[in-house]
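Structural description and commentary
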Amino acid sequence: MKTAPHATAIPLRTPLFRGERRLRIALVGMPNSGKSTLFQAVSSTSIRTGELAGTHRAYGECAVQIGLDEARVIDLPSIHSLHHLEHDDRVTLQYLLWGDDLPPVSVHEPGGPPAPFSPPDVIIQVVDATSLERHL
Ligand SMILES: Nc1nc2c(ncn2[C@@H]2O[C@H](COP(=O)(O)OP(=O)(O)O)[C@@H](O)[C@H]2O)c(=O)[nH]1
Ligand SMILES: [Mg+2]
């Protein structure tokens, strides 16, 4: 069958990052770096919020459509320093490493995994460009 001269087939990149293949993207950074602003700018209406286990630090999670691909974006609690880790900062790092799993070495510790979803496939570090030295 002949196609109309103006019809063009656009090849689909496959596989698409959808369903089970969708990427989980975590926003990390110091307080006031702009994580929540970025999250609000890209997020859909169905934001799920919660606290990382054993802390009062809130996270937000939502589905985002990127062209034909899907992702889940997570606004994580701020990390204040990597040098003298406070308990809450440590829990955020635990999430980045293990997500909803606990490593064998910590199975004896009380409390569950930091968050009810898997660790990120992609980490985006958000920095305040007017204060790069401190944020990096
Ligand atoms: N000038 C400027 N201010 C920003 C930008 N992104 C965020 N802010 C401001 O920085 C402050 C902290 O942002 P927020 O997203 O709450 O930071 P978070 O602590 O990393 O979640 C807020 O007052 C924002 O309005 C930006 O790109 N430019
Ligand atoms: Mg925030």
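This text gives an overview of the structure that appears in the document.

Thresholds applied
- Residues numbered from 1 in each chain as written.
- Chains lettered and ligands numbered in written order.
- Predicted model: local features only at pLDDT ≥ 70, side-chain atom pairs only at ≥ 80, totals over all residues.
- Heavy atoms only, no water.
- Phe/Tyr/Trp six-rings, centres within 6.5 Å; stacked < 30°, edge-to-face > 60°.
- Helix = DSSP H or I, 4+ residues; strand = E, 2+ residues; numbered from the N terminus.
- Buried < 20%, exposed > 50% of the residue type's maximum accessible area, 1.4 Å probe, protein only.
- Contact = heavy atoms within 4.5 Å.
- Pairing = 2+ DSSP bridges.
- Axes fitted to C-alpha atoms, helices over the stretch in contact; angles between N-to-C directions.
- Near = heavy atom within 4 Å.
- Polar contact = N/O pair within 3.5 Å; in protein donor to acceptor, adjacent residues only side chain to side chain.
- Areas by Shrake-Rupley, 256 points an atom, 1.4 Å probe, with all protein chains shown as cover.
- Nonpolar A, V, L, I, M, F, W, Y, C, P; charged D, E, K, R; others polar.
- Salt bridge = Lys/Arg side-chain N within 4 Å of Asp/Glu carboxyl O.

**Some words on the packing of aromatic side chains**
Think of a pair of aromatic rings as described by two things: how far the centres are apart, and how the planes are tilted against each other in angle. Overall, the coordinates contain two aromatic pairs when judged by the stated rule. On the basis of an interplanar angle of 85 degrees and a centroid distance of 5.2 Å, the ring pair of Y59 and F117 is categorised as edge-to-face. With Y59 in strand 3 (residues 58–66) and F117 in the loop between helix 2 (87–98) and strand 5 (122–125), the pair connects residues that are 58 residues apart, well separated along the chain. For the pair shown, Y59 and F117 are each scored as buried. A centroid spacing of 5.5 Å and a plane angle of 80 degrees characterise the contact between Y95 and F117, whose relative ring orientation is edge-to-face. Taken together, the positions of Y95 in helix 2 and F117 in the loop between helix 2 and strand 5 put the pair 22 residues apart, joining distant regions of the chain. Overall, the relative accessible area of 3% leaves F117 in the buried class. One aromatic cluster is present, formed by Y59, Y95 and F117 through successive ring pairs.

**Some points on the environment of I123**
Tracing the backbone shows I123 in strand 5. What makes I123 partly exposed here is its relative accessible area of 47%. Remark: the alpha-carbon pair of I123 and L27, spanning 96 residues in sequence, is separated by 6.1 Å. Those residues within four positions of I123 in sequence are excluded, and the remaining contacts are A26, V28 and L96.

**Overview of the sheet that holds strand 3**
Strand order across the open sheet formed by five strands is 2-3-4-1-5, with mixed pairing between neighbours. Edge positions in the sheet fall to strand 2 (48–51) and strand 5, since each of these pairs with one other strand and no more. Here the strands of the sheet are splayed against their neighbours by 25 degrees on average, with no regard to which way each runs. As paired strands, strand 1 (residues 23–28) and strand 4 (residues 69–75) are joined by five bridges and run parallel to one another. Counted as the bridge partner of L27 is D75 from strand 4. Along the sheet, helix 1 (residues 35–42) contacts strand 1, strand 3 and strand 4; its crossing angle with strand 4, the most-contacted strand, is approximately 150 degrees.

**A short note on the site of ligand 1**
Neighbouring ligand 1 are the residues M30, P31, N32, S33, G34, K35, S36, T37 and S78. Measuring from an oxygen atom of ligand 1, one finds a side-chain N or O atom of S36 at 2.9 Å. Contact between ligand 1 and T37: an oxygen atom at 2.6 Å from a side-chain N or O atom of the residue. Look at ligand 1: alone it shows 580 Å² of surface, and the protein chains cover 42% of it. Residues that form the shell around ligand 1 fall into these classes: two nonpolar, six polar and one charged.

**Considerations on the pattern of salt bridges**
Following the criterion strictly, the structure yields nine salt bridges and no others. In this structure, R13 and D69 form a salt bridge, with 2.5 Å as the shortest nitrogen-oxygen distance. You can see R13 sitting in the segment before strand 1 and its partner D69 sitting in strand 4, a full 56 residues away along the chain. Overall, R13 belongs to the partly exposed group, its relative accessible area being 44%. D69 gets classed as buried once you look at its relative accessible area, which sits at 13%. Shared partners join several salt bridges into a network, and the residues in it are R24, R48, E61 and R72.

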